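Structural description and commentary
Now for the letters of each chain:
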Amino acid sequence: MLLWNAKWIKTMVRLFTVVMICNFAVCTFAGCGGKEEGGEEKQEAQPTKEEESTPTPIPTSTPAPTEPAKEVRTDFYISSLDEEIPSMCEYWKDYFSIGIAITKGELLNDFKGELIVQQFNSMTCGNEMKPDALLDREATKSTGTETCPVLKFDSCDEMLAFCVDNNIKMRGHTLIWHSQTPDWFFMEGYSNKPDAVFASREVMLERMENYIRLVMEYVNTTYPGVVYAWDVVNEAIAPGDGGENGMRMSDSLWYQTIGPDFVEKAFEYARKYAAPEQKLFYNDFNTYETAKRIAILELVNKIKDQGNIDGIGMQSHIGMNSPTLLDYEETIRKFGETGLEIQITELDINLDSNSEEDFMKEGTRYKRLFFTFKNLVDTGAANITNITVWGLTDEGSWLNKDGKRYPLLFNQVLETKPAFWGVLMDEGIPLY
Ligand code: G3I
């Protein structure tokens, strides 16, 4: 109801503006395909690290005398409910897929579902495919065994079916994680009592293998071809936490029950049961922190030597100023040197202001990020295959606990923000 009211009021107010920008929009976006097409975006100078530290204007070609003066977009708040907006996944189709992390409730909202189908060709379940959503304790206690739990998939079934119906591929998030995995899964007899004791390493290895097998078997037989990448292990590195080789220890029951080789074992089992075309990822946050980056590289190179990993996921929950793009790019380059695929799996920018000026700065940061991704792909420095934003609207963002965060590309009435146009490399968004 709120959305429809907003729609009609805004339609009237915007009528004049829409007519004004119409010609411009057609001009700007009609030929924006990427590498294969000769659009203007392709002719832009590529950013280098030096350019980032010492900003220089981007050279533009001088229009021929007969060419009409080019209009630059000034209205960035376009209602996706009322008007045609360009598609991000179409724009970037020759570079990488564009993904969305979403919860079931949001996905099944008609307006949001329609927008998602138009804008994204990759999806991640925000919570619905995590162990706490899939593990069924009651069924495990009654029909499972000490080494084999029982799972349920009602949390993610509709999301997988949505992907099938709409030709969207899914990142499977996430198999082995210290968080959102219930404590009882690590206990003898799956006990949830305060005096429960850990199951042995041998039992936990079998539970891990069976868990991975059951998830993959179900998803791959019920929805064949939908999941193209699995986050096999999430957030296992936390230098300074006391674990071997920079591993997270204090809050990881996987580390505490199995030991530091739990990551390698998880990838070994994942490879065993994954469909041949499915890519296996190690995924983590703050990957640009030096100690963390070094520990991740050590870990993934070991697993790469075992033949059991295909990619590194950089979550990328970043701030407006931190990390610097230089540090961020440096990490992608270092990860790229492994020869593994790189995916930006959980991008958002923790903006805590809704001033017009800050929205534009956020648009600039998104634009610079995508400029960097494009440059790294064009130069062969990194095989970046997916960019996923962690949420659709600011309102629904996991960051927005205080109601004052604006990290994403759409606002609560599904209008585009400058951030959206930044992703599309729109000329109205300054690059510096
Ligand atoms: O399911 C319960 C519900 O029963 C209860 O009433 C409600 C009360 O708060 O909580 C619900 O659980 C919440 C859950 O999301 C499902 O909505 C948890 O409190 C809440 O903490 C949880 O947050 C999720 C978070 O992971 C937990 O770690 C976020 O939605 C989700 O976006 C976030 O995603 C993670 C990635 O998986 C990994 N990288 C970091 C990223 C952001 O934290």
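In short, a report on the structure. Remember, predicted model here, so these are calculated numbers, not experimental data.

Counted residue by residue, strand β6 (residues 279-284) has five buried out of six residues, so it is predominantly covered. For strand β5 (residues 227-234) and β6, the ladder comprises five bridges, and the chain directions are parallel. Its bridge partner lying in β6, alanine 229 is registered against lysine 279. Of the pairings in the sheet, the one linking β6 to strand β7 (residues 311-314) comprises four bridges and is parallel in character. Note on β7: the bridge partner recorded for phenylalanine 281 is glycine 311.

A pair can form between side chains of opposite charge whenever their charged atoms are brought close. Evaluated as defined, the whole model comprises 22 salt bridges. Between arginine 73 and aspartate 426 there is a salt bridge whose closest N-O contact spans 3.4 Å. Taken as a pair, arginine 73 in the loop between α3 (49-53) and α4 (88-91) and aspartate 426 in the segment after α16 (418-423) lie far apart in primary sequence, 353 residues in all. Summarising the burial analysis for this pair, arginine 73 and aspartate 426 share the class buried. Taking the shortest distance from any N to any O, the salt bridge between glutamate 362 and lysine 417 comes out at 3.0 Å. Of this pair, glutamate 362 sits in helix α15 (residues 356-378) while lysine 417 sits in the loop between β10 (383-389) and α16, and the two are 55 residues apart along the sequence.

Moving on to the site of the ligand. If you check the shell around the ligand, you find 14 residues, and the closest are Lys130, His173, Gln315, Glu346 and Trp390. At a separation of 2.9 Å, an oxygen atom of the ligand approaches a polar side-chain atom of asparagine 127. Within the side chain of histidine 173, a nitrogen or oxygen atom sits 2.7 Å from an oxygen atom of the ligand. Coverage of the ligand by the protein chains reaches 44% of its 790 Å² of free accessible surface. Its residues assigned to classes, the shell around the ligand shows three nonpolar, eight polar and three charged.

Moving on to helix α12 (residues 262-273). Look at α12: 17 Å from first C-alpha to last across twelve residues, which is about the 16 Å you get at 1.5 Å a residue. Of the surrounding secondary structure, the elements contacted by the buried residues of α12 are β4 (176-177), α10 (201-222), β5, α11 (253-258), β6 and α13 (290-305).

Before going further, it helps to spend a moment on the packing of α13 against helix α14 (residues 325-336). A pair of packed helices is captured by two measures, namely the crossing angle of their axes and the spacing between those axes. Put simply, α13 and α14 touch, their axes get as near as 11 Å, and they point 10° apart. Classed by the angle they form, the pair α13 and α14 counts as roughly parallel. Relative to α14, α13 is oriented so that their crossing is right-handed. In contact with Arg293, Ile296 and Leu297 of α13, α14 contributes Asp327, Glu330, Thr331, Lys334 and Phe335. For the contact of α13 with α14, the residue count by class is three nonpolar, one polar and four charged.

Here glutamate 346 shows up in strand β9 (residues 341-349). Buried and unpaired, glutamate 346 has no salt bridge, with arginine 171 as the nearest side chain of opposite charge at 6.4 Å. At 2.7 Å, the side chain of glutamate 346 forms a polar contact with the side chain of histidine 317. With sequence-adjacent residues up to four places away left out, glutamate 346 is seen in contact with His173, Asn283, Met314, Gln315, Ser316, His317, Thr388 and Trp390.

Attention shifts here to the nonpolar core. Nonpolar side chains tend to gather and get buried jointly when the protein is soluble and globular. Residues Phe262 and Phe370 are the most contacted members of the largest nonpolar core, which totals 117 residues. Dropping the residues within four chain positions of it, phenylalanine 370 is found in contact with Trp92, Phe96, Ile98, Leu347, Ile387, Val423 and Met425.

Once that is clear, we can look at the pairing of strand β1 (residues 97-102). With respect to burial, β1 is a largely interior element, six of its six residues being buried. A two-sided burial pattern is seen for β1, the buried positions comprising Ser97, Gly99 and Ala101 on one face and Ile98, Ile100 and Ile102 on the other. Here four bridges tie β1 to β10, and the two strands are oriented parallel to one another. If you follow serine 97 over to β10, its bridge partner there is asparagine 386. Note that β1 and strand β2 (residues 122-125) share four bridges and pair parallel. Note that in β2 the partner of glycine 99 across the bridge is serine 122.

Every buried residue of helix α6 (residues 110-119) is listed here: Lys112, Gly113, Leu115, Ile116 and Gln119. All buried residues of α6 lie within an arc of 165° about the axis, which places them on one face of the element. In α6, the exposed positions that point more than 90 degrees away from the buried face belong to Asp110 and Glu114. Buried-residue contacts for α6 involve α4, β1, α5 (104-107), β2, α9 (157-166) and α16.

Geometrically, a pair of aromatic rings is defined through the distance of the ring centres and the angle of the planes. The full count for this structure, using the stated rule, is 23 aromatic pairs. Look at phenylalanine 359 and tyrosine 406: their rings are 5.7 Å apart centre to centre, the planes differ by 65°, and that puts the pair in the edge-to-face class. Taken together, the residues span a long stretch of sequence, with phenylalanine 359 in helix α15 and tyrosine 406 in the loop between β10 and α16 at a distance of 47 residues. You'll find phenylalanine 359 and tyrosine 406 in the same group, each marked buried. Over the ring of tyrosine 190 we find arginine 207; its NZ or CZ atom is 4.0 Å from the centre of that ring.

As for its placement among the helices and strands, arginine 293 is situated in helix α13. On a C-alpha basis, the gap between arginine 293 and threonine 331 in space is 7.1 Å, while along the polypeptide they are 38 residues apart. What arginine 293 contacts, discounting residues up to four positions off in sequence, is Thr287, Tyr288, Asp327, Glu330, Thr331, Lys334 and Phe335. Here threonine 331 takes part through its side chain, which lies 3.2 Å from a polar atom of the side chain of arginine 293.

Conventions we followed
- Residues numbered from 1 in each chain as written.
- Predicted model: local features only at pLDDT ≥ 70, side-chain atom pairs only at ≥ 80, totals over all residues.
- Heavy atoms only, no water.
- Buried < 20%, exposed > 50% of the residue type's maximum accessible area, 1.4 Å probe, protein only.
- Helix = DSSP H or I, 4+ residues; strand = E, 2+ residues; numbered from the N terminus.
- Pairing = 2+ DSSP bridges.
- Salt bridge = Lys/Arg side-chain N within 4 Å of Asp/Glu carboxyl O.
- Near = heavy atom within 4 Å.
- Polar contact = N/O pair within 3.5 Å; in protein donor to acceptor, adjacent residues only side chain to side chain.
- Areas by Shrake-Rupley, 256 points an atom, 1.4 Å probe, with all protein chains shown as cover.
- Nonpolar A, V, L, I, M, F, W, Y, C, P; charged D, E, K, R; others polar.
- Expected span 1.5 Å × (residues − 1).
- Contact = heavy atoms within 4.5 Å.
- Axes fitted to C-alpha atoms, helices over the stretch in contact; angles between N-to-C directions.
- Parallel < 35°, antiparallel > 145°, perpendicular 65-115°, else oblique.
- Left-handed = near helix turned anticlockwise from the far one by under 90°.
- Lys, Arg positive; Asp, Glu negative; His and termini not counted.
- Core = buried A, V, L, I, M, F, W, Y, C linked by side-chain atoms within 4.5 Å.
- Arc of directions from axis to C-beta.
- Phe/Tyr/Trp six-rings, centres within 6.5 Å; stacked < 30°, edge-to-face > 60°.
- Lys NZ or Arg CZ within 6 Å of the ring centre and 35° of its normal.

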